[in-house]
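These are the residues of each chain, in order.
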Amino acid sequence: MEIFTPGGPLLIFLASLFTSNILLSKFLGMCSFIALSRNMKTSFGMGIAVTFVTFATALINYGIHHGILAKGSVIFPDADLTYLEFLIFILVIAGFVQFVEIILERFIPSLYFSFGIFLPLITVNCAILGVNLLMVDPNLNFDLFKTGVYALGSGLGYCLAICLMAGIRNKLQDADIPEPLQGLGSTVIITGIMALAFMGFTGMVELG
Amino acid sequence: MAGMANEDRLSGLMKSGIGENNPVLVQILGICSALAVTGLVSTTLVMGLSLMLVTSLSCLFISLLRNTIPHRVRLMVQMLVISVFVILIHLYLKAFHYDISRALGAYVGLIITNCIVLGRSEGYALRHGPIASFIDGLANAFGYALVLLCISLVREGFGGGTLLGWKWSPAGFRPALILKSAPGAFVTLGCLVWIVRGWALRKSSAQGATKA
């Protein structure tokens, strides 16, 4: 397989990690990004949890999209059921999160307690639904492998951005920021500067 | 008298959603789409209207259903109600306003995970009557739409030199393209937060001074 050609898996991975970073260029997952980037440990936990759920649900939803919903699918080849995408995808995500919660609670309690608070939050994390909705875009024409790579790259991209932000906010703790700019204001402006830095990668790799 | 009190309460809800508890600027909810769709005033208006419809109607229906929803699966039920309205809007836009539907892309679907909708239905509609929930949802979504409109006026006005596609700028005007891109969106929102919070702080400290 040609991995270095445009649209190849390696380039999709790099593009979803840097140039089309889900957070900095598509603005998805901002709420949790701002709320949780106060310390490194929480950020990393959230980042890993998002990566895992994105990756798994993207694969499941890929199967559902091409097996049932899309025109020419395996089960209903004549019907175009893509209008049900939103409903099915969000149910899969919510169901999957609940399922993982139950499994972890039963078999790996230690991981459950360190992961615990992030899992319910993930259901409404728009980064995950966003990746799921973007990957079925017919213009991208991803196969199963590329979908997996794209979901993994996007999840890791979110993890990277939130950890970088936690590092910066950690350094800013003692800084004398004007009162109205504390919290949301400064975080958003710093994110803007980070997005500017990530824009520097533009043109090196393109998605699709 | 009871009617009066009720009206007071409803207008209070309206004020709180638009002003002191503004979902974007104070509660920090719904930032994603506030940044993503504000490149053009037209897409912003459509997004604001869609969110107002979805939030108010889902709050209304969840409030009507609130005594029949089992506590354990309430998130799933809320998601279902919300996504039904989002699908309706998505289909309507696709059928009658195809260009705008294309421009908004996946962000219409992402209304489902917009924290404002779930936040209002979870935080308010599950415990209050249908009319109050409807007004509360409408007010919060309206507050959201106002903030988005401010951002989009700056971004389209100075980033493209146009407003709703009409060229307002003089011939020699060179648009600040950075405002149209992702970093510009972040910085515009940051500055808006700065201005509004600064103004609110000044107002509250002035009030404190007169009381003391």
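Residues numbered from 1 in each chain as written. Chains lettered and ligands numbered in written order. Predicted model: local features only at pLDDT ≥ 70, side-chain atom pairs only at ≥ 80, totals over all residues. Heavy atoms only, no water.

1. Considering the overall build of chain A
Thinking step 1. The number of helices and strands found in chain A is 9 helices and 0 strands.
Thinking step 2. Along chain A, from the amino end to the carboxyl end, the secondary structure elements read α-α-α-α-α-α-α-α-α.
Thinking step 3. Principal-axis analysis of the C-alpha atoms places the extent of chain A at approximately 65 × 45 × 30 Å.
Thinking step 4. Expressed as a percentage of the 208 residues in chain A, the buried residues total 54%.
Thinking step 5. When the accessible surface of chain A is summed, it comes to about 9,500 Å², and 68% of that surface belongs to carbon and sulfur atoms.
Thinking step 6. Counting 8 positive and 12 negative side-chain charges, chain A places the centres of these two groups 7 Å from one another. (Helix = DSSP H or I, 4+ residues; strand = E, 2+ residues; numbered from the N terminus. Buried < 20%, exposed > 50% of the residue type's maximum accessible area, 1.4 Å probe, protein only. Areas by Shrake-Rupley, 256 points an atom, 1.4 Å probe, with all protein chains shown as cover. Lys, Arg positive; Asp, Glu negative; His and termini not counted. Charge placed at Lys NZ, Arg CZ, Asp CG, Glu CD.)

2. Looking at helix H7 (residues 130-159) of chain B
Thinking step 1. The terminal C-alpha atoms of H7(B) lie 42 Å apart, and with 30 residues this matches the ideal 44 Å at 1.5 Å per residue to within 8%.
Thinking step 2. Immediately beyond the C-terminal end of H7(B), within one or two residues, lies Gly161(B), with a positive phi of roughly 75°. (Expected span 1.5 Å × (residues − 1).)

3. Quick look at the interface of chain A and chain B
Thinking step 1. Contacts between the two partners involve 39 residues from chain A and, on the opposite side, 41 residues from chain B.
Thinking step 2. Across the chain A to chain B interface the summed buried area is about 3,400 Å²; carbon plus sulfur atoms make up 86%.
Thinking step 3. When residues of chain A are sorted by the area they lose upon contact with chain B, Phe27(A), Phe86(A) and Leu184(A) head the list and together hold 21% of the total.
Thinking step 4. Taken together, chain A and chain B are joined by 0 salt bridges.
Thinking step 5. Connecting chain A to chain B are 2 residue pairs in polar contact (both at pLDDT 80 or more).
Thinking step 6. Looking at the side of chain A that touches chain B element by element, the count peaks at 9 residues for helix H9 (residues 184-199) of chain A.
Thinking step 7. Looking at the side of chain A that touches chain B residue by residue, the classes come out as 27 nonpolar, 10 polar and 2 charged. (Contact = heavy atoms within 4.5 Å. Buried area = accessible area lost by both parts, 1.4 Å probe. Salt bridge = Lys/Arg side-chain N within 4 Å of Asp/Glu carboxyl O. Polar contact = N/O pair within 3.5 Å; in protein donor to acceptor, adjacent residues only side chain to side chain. Nonpolar A, V, L, I, M, F, W, Y, C, P; charged D, E, K, R; others polar.)

4. A few points about unusual backbone geometry
Residue and element names in this part refer to chain A.
Thinking step 1. In this structure, Phe27 takes a positive phi of about 65° despite not being glycine.
Thinking step 2. Within the fold, Phe27 resides in the loop between helix H1 (9-19) and helix H2 (30-36).
Thinking step 3. Phe27 sits in the buried class, given a relative accessible area of 6%.

5. Side note on the packing of helix H3 (residues 40-69) of chain A against helix H4 (residues 85-107) of chain A
Residues and elements named next belong to chain A.
Thinking step 1. Interaxial distance between H3 and H4 falls to 10 Å at its minimum, and their mutual angle equals 140°. Compared by their axis directions, H3 and H4 come out oblique. Between H3 and H4 lies a crossing of right-handed hand. Along its contact with H3, which presents Phe52, Val53, Ala56, Thr57, Ile60, Asn61, Ile64, His65 and Leu69, the element H4 presents Glu85, Ile88, Phe89, Val92, Ile93, Phe96, Val97 and Val100.
Thinking step 2. Grouping the constituent residues of the contact of H3 with H4 by class yields 13 nonpolar, 3 polar and 1 charged. (Axes fitted to C-alpha atoms, helices over the stretch in contact; angles between N-to-C directions. Parallel < 35°, antiparallel > 145°, perpendicular 65-115°, else oblique. Left-handed = near helix turned anticlockwise from the far one by under 90°.)

6. Brief notes about the packing of aromatic side chains
The geometry of two aromatic rings is summed up by the distance between their centres and the angle between their planes.
Thinking step 1. Enumeration over the complete set of coordinates arrives at 6 aromatic pairs over all chains.
Thinking step 2. Here the aromatic rings of Phe61(B) and Phe85(B) are separated by 5.6 Å at their centres, their planes lie at 55°, and the arrangement is tilted. Taken together, the residues span a long stretch of sequence, with Phe61(B) in helix H3 (residues 41-65) and Phe85(B) in helix H4 (residues 74-96) at a distance of 24 residues.
Thinking step 3. Of the residues examined, Phe61(B) reaches a relative accessible area of 40% and is grouped as partly exposed.
Thinking step 4. Pairing Tyr92(B) with Phe96(B) gives two aromatic rings, centres 5.2 Å apart and planes at 40°, and the pair type is tilted. In this pair, Tyr92(B) and Phe96(B) both sit in helix H4, 4 residues apart, roughly one turn of the helix.
Thinking step 5. We note Arg106(A) situated over the ring of Phe107(A); from NZ or CZ to the ring centre the distance is 5.0 Å. (Phe/Tyr/Trp six-rings, centres within 6.5 Å; stacked < 30°, edge-to-face > 60°. Lys NZ or Arg CZ within 6 Å of the ring centre and 35° of its normal.)

7. With respect to the nonpolar core
Residue and element names in this part refer to chain A.
Thinking step 1. Membership of the largest hydrophobic core comes to 105 residues, with the highest contact counts inside it found for Met30 and Ile122.
Thinking step 2. Sort the elements by how many residues they give to this core and H4 lands first, with 10 residues.
Thinking step 3. If we ignore the near neighbours within four places in the chain, the residues touching Ile122 are Met46, Ala49, Val50, Val53, Val97 and Ile128. (Core = buried A, V, L, I, M, F, W, Y, C linked by side-chain atoms within 4.5 Å.)

8. A word on the state of the cysteines
All names here are of chain B.
Thinking step 1. Overall, the coordinates contain 0 disulfides over all chains when judged by the stated rule.
Thinking step 2. Summary of cysteine pairing: Cys191 is not part of a disulfide, and the nearest cysteine sulfur, belonging to Cys150, is at 13 Å.
Thinking step 3. When its relative accessible area of 31% is taken as the criterion, Cys191 is described as partly exposed. (Disulfide = S-S within 2.5 Å.)

9. Some thoughts on the pattern of salt bridges
Residue and element names in this part refer to chain B.
Thinking step 1. The tally for this structure, following the rule as stated, stands at 1 salt bridge over all chains.
Thinking step 2. For Asp136, the salt bridge is made with Arg120, and the minimal N-O distance between the two is 2.9 Å. With Asp136 in helix H7 and Arg120 in helix H6 (residues 115-125), the pair connects residues that are 16 residues apart, well separated along the chain. Both residues of the pair, Asp136 and Arg120, belong to the buried class.

That's the geometry; what it means functionally is another story.
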